[in-house]
Amino acid sequence: MLAGMDIHELSDFFKLSALLNIQLSATTVGRSNIATIILGQAPVGAEDRERLMAALEFVDRAYGQAKRRLGPLAVLHPLRACVQLSRVQDETNIPDLVTELLHDVLEDIAPAETEGTQEPSIEAEIEELLHRIDPRGGDRILDRLRALTRKPGETYLEYIGDLLDQAPSIPSLVSIKLADRLDNTLDMRIDIEDPMQGVDFFEALFQVLYVNNYTGYQPAAPHPPPSPLNGAQRLYQLFKNATLLSLVRQKGIAMDDPSARKLFAALARASMKEAQRNALHIFGYHMKDVHQQRELLLETMEYSQFGGIDRVTRPTNQWRLDGFFATQFDDSDPAVRMRRLDEFYKNKALMTEASIAFVVIFLSFLNEPSFRIKGVSEFGIDPEPPSYRRRPGG
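Residues numbered from 1 in each chain as written. Predicted model: local features only at pLDDT ≥ 70, side-chain atom pairs only at ≥ 80, totals over all residues. Heavy atoms only, no water.

**Q** Would you take a moment to explain the overall build of the protein chain for this structure?
**A** On a plain count of helices and strands, the protein chain comes out with 17 helices and 2 strands. At 22 Å, the protein chain has a C-alpha radius of gyration in line with the 21 Å of a compact globule built from 394 residues. The C-alpha extent of the protein chain, read off along each of the three principal axes, is 70 × 45 × 40 Å. Carbon and sulfur atoms form 49% of the exposed surface of the protein chain, whose accessible area is close to 18,100 Å². Here the protein chain contributes 44 positive and 56 negative side-chain charges, whose respective centroids are spaced 4 Å apart. (Helix = DSSP H or I, 4+ residues; strand = E, 2+ residues; numbered from the N terminus. Rg over C-alpha atoms; globule rule 2.2 N^0.38 Å. Areas by Shrake-Rupley, 256 points an atom, 1.4 Å probe, with all protein chains shown as cover. Lys, Arg positive; Asp, Glu negative; His and termini not counted. Charge placed at Lys NZ, Arg CZ, Asp CG, Glu CD.)

And the structure:
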């Protein structure tokens, strides 16, 4: 089932989502089939399968008919993340899979739903479930869930820093978080197929840069209808991925776990491809002049060569990309951040350069085992002054 699935490919993500959705839509929820989809061909005993089934029953009941931002059932996210984690495990680890299934429950299911009632709190209910699933290891799973839950008022970087600080004693936290981010990265589009299906991104850029009679990238479909997630908001998700991967590298988290290494690479590849989709979307629908495209690509290439992409920079009047991490994405106030993203979305030239910059960033993660973005830490974004490099003639 799903043989040959590439966990970073959007087309395979669509197939997995459809397969799980069919089981969730059945008159009697196909929970046994969902367990089979998660486990694949992995040999597991009857007791382990029952433990997984109990966790599946809980998340199905906990999420109910709640929806994700784009409309699909919210429970699809933990189910898919669990499949993605399962696919990279050399040996099936049921406690890790159960943790992945439940990783968002403490945050997603509001405590207020049980306050002032005779119902047990969601955490107490999870604790009872975990001890029923694993009398000896239930507390360890609950510790992982608490580590994976973002605290009120905690910034994203503080949250990731705290999570990674706990990773030496709970190594699977890294894999579980990477699988979560991988699914969130793929779950930003409602399409029939990957917009880049059959498209060679690098060939398109080569044509823009070198071929004088190139008429530009022509999308196969008309402009899609407006989405609750626009290109700027998708780039914000790539910012989160870039900072997560940077902190993993900065913290020196040992990537001895093959599952973590595979998921790190898969997240980098999925993020790179999403950045490519964003750039081609702008070229195909919004900024069709090839000469203007070439100017933006050349400026981004020059910026990259001068070291601007491998560190956080301050805004300047020299480079369009200077300060884009700090200015566009780094604000702990969601209302301010959304306002900045709305402004960012209108600036298609900056959106183009940012998309190409993210392609370079995620390729750098794949190319160099020690690559990280300097100036990113658990304490926030710390831009460097622009004096470390100067644009010729600037």
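**Q** How should empty space enclosed by the protein be read in this particular structure?
**A** Over the atoms, a rolling probe the size of a water molecule traces out where space has been left empty. What the rule picks out here adds up to 2 cavities of 30 Å³ or more. As a volume, the largest cavity reaches approximately 80 Å³. Every residue lining the largest cavity is listed: Tyr303, Gly308, Ile309, Arg311, Val312, Thr313, Leu321, Gly323, Phe324, Phe325, Ile361 and Ile373. Among the residues forming the lining of the largest cavity, the class breakdown is 8 nonpolar, 3 polar and 1 charged. (1 Å grid on protein atoms, 1.4 Å probe; cavity = no way out; pocket = protein on both sides within 12 Å on 5 of 7 lines; lining within 4 Å. Points joined across faces, edges and corners; volume = space filled by probe spheres on them. Nonpolar A, V, L, I, M, F, W, Y, C, P; charged D, E, K, R; others polar.)

**Q** What exactly am I supposed to notice about helix α17 (residues 348–367) here?
**A** For an α-helix the count is 3.6 residues per turn, leaving residues at separations of three or four pointing the same way. The end-to-end C-alpha separation of α17 is 28 Å, in line with the 28 Å expected for 20 residues at 1.5 Å each. When you tally the buried positions in α17, you get 16 out of 20 residues, the bulk of the element. (Expected span 1.5 Å × (residues − 1). Buried < 20%, exposed > 50% of the residue type's maximum accessible area, 1.4 Å probe, protein only.)

**Q** I keep staring at the environment of methionine 351 and nothing clicks. Help me out?
**A** Structurally, the position occupied by methionine 351 is in helix α17. For methionine 351, a relative accessible area of 2% puts it in the buried group. Linking methionine 351 and leucine 235, residues 116 residues apart in sequence, is a C-alpha distance of 8.5 Å. Sequence-distant contacts of methionine 351, that is, excluding residues within four places in its chain, are made with Gly231, Ala232, Leu235, Ile282, Phe344 and Tyr345. (Contact = heavy atoms within 4.5 Å.)

**Q** What should I look at first to understand the layout of surface pockets in this one?
**A** Its volume calculated, the largest pocket comes out at about 1,100 Å³. Along the wall of the largest pocket there are 42 residues; nearest its centre are Arg150, Arg181, Tyr236, Gln237 and Lys240. Going through the elements one at a time, α4 (76–88), α6 (105–108), α9 (156–166), α10 (172–186), α12 (231–250), α16 (334–346) and β2 (380–381) are the ones with two or more residues in the lining of the largest pocket. Its residues assigned to classes, the lining of the largest pocket shows 18 nonpolar, 8 polar and 16 charged. Lining the second largest pocket are 38 residues, with Arg189, Asp191, Pro195, Pro224 and His281 sitting closest to its centre. Put simply, the parts of the chain that give the lining of the second largest pocket at least two residues each are α12, α13 (258–286) and α17.

**Q** Just checking my understanding: could you explain the packing of helix α11 (residues 201–210) against helix α14 (residues 290–305) for this structure?
**A** Working note: a packed helix pair is described by the angle between its axes plus the distance between those axes. Where α11 meets α14, the axes come as close as 9 Å, and the angle between the chain directions of the two elements is 105 degrees. Relative to α14, the element α11 is oriented roughly perpendicular. Only Val290, Gln293, Arg294, Leu297 and Leu298 of α14 make contact with α11, whose side of the interface consists of Leu205, Val208 and Leu209. (Axes fitted to C-alpha atoms, helices over the stretch in contact; angles between N-to-C directions. Parallel < 35°, antiparallel > 145°, perpendicular 65-115°, else oblique.)

**Q** How should I be thinking about the nonpolar core in this particular structure?
**A** Generally speaking, a soluble globular protein has its nonpolar side chains buried in company with each other. Grouped together as the largest cluster of nonpolar side chains are 124 residues, with contacts concentrated most on Leu102, Ile126, Phe325, Phe329 and Phe358. The leading source of residues in this core is α13, at 13 residues. When sequence neighbours within four positions are dropped, the list of residues in contact with phenylalanine 329 reads Ala232, Leu235, Tyr236, Phe239, Phe324, Arg337, Leu341, Phe344 and Phe358. (Core = buried A, V, L, I, M, F, W, Y, C linked by side-chain atoms within 4.5 Å.)

**Q** Even after reading the chapter, I still don't get the pattern of salt bridges, so can you show me in this structure?
**A** Two side chains with opposite charge may pair up if their charged atoms get near one another. Applying the stated rule across the entire model yields 23 salt bridges. Across the salt bridge formed by lysine 15 and aspartate 12, the nearest N and O atoms sit 3.8 Å from each other. Residue lysine 15 and its partner aspartate 12 are located together in helix α1 (residues 10–25), separated by 3 residues, close to a single helical turn. Judged by its relative accessible area of 52%, lysine 15 falls in the exposed class. The buried category is assigned to aspartate 12, whose relative accessible area is 13%. Aspartate 165 is the partner of lysine 251 in a salt bridge, and the nearest nitrogen-oxygen pair spans 2.6 Å. With a gap of 86 residues between them, lysine 251 in the loop between α12 and α13 and aspartate 165 in helix α9 connect regions that are remote in the sequence. The exposure class assigned to aspartate 165 is partly exposed, which follows from its relative accessible area of 44%. (Salt bridge = Lys/Arg side-chain N within 4 Å of Asp/Glu carboxyl O.)

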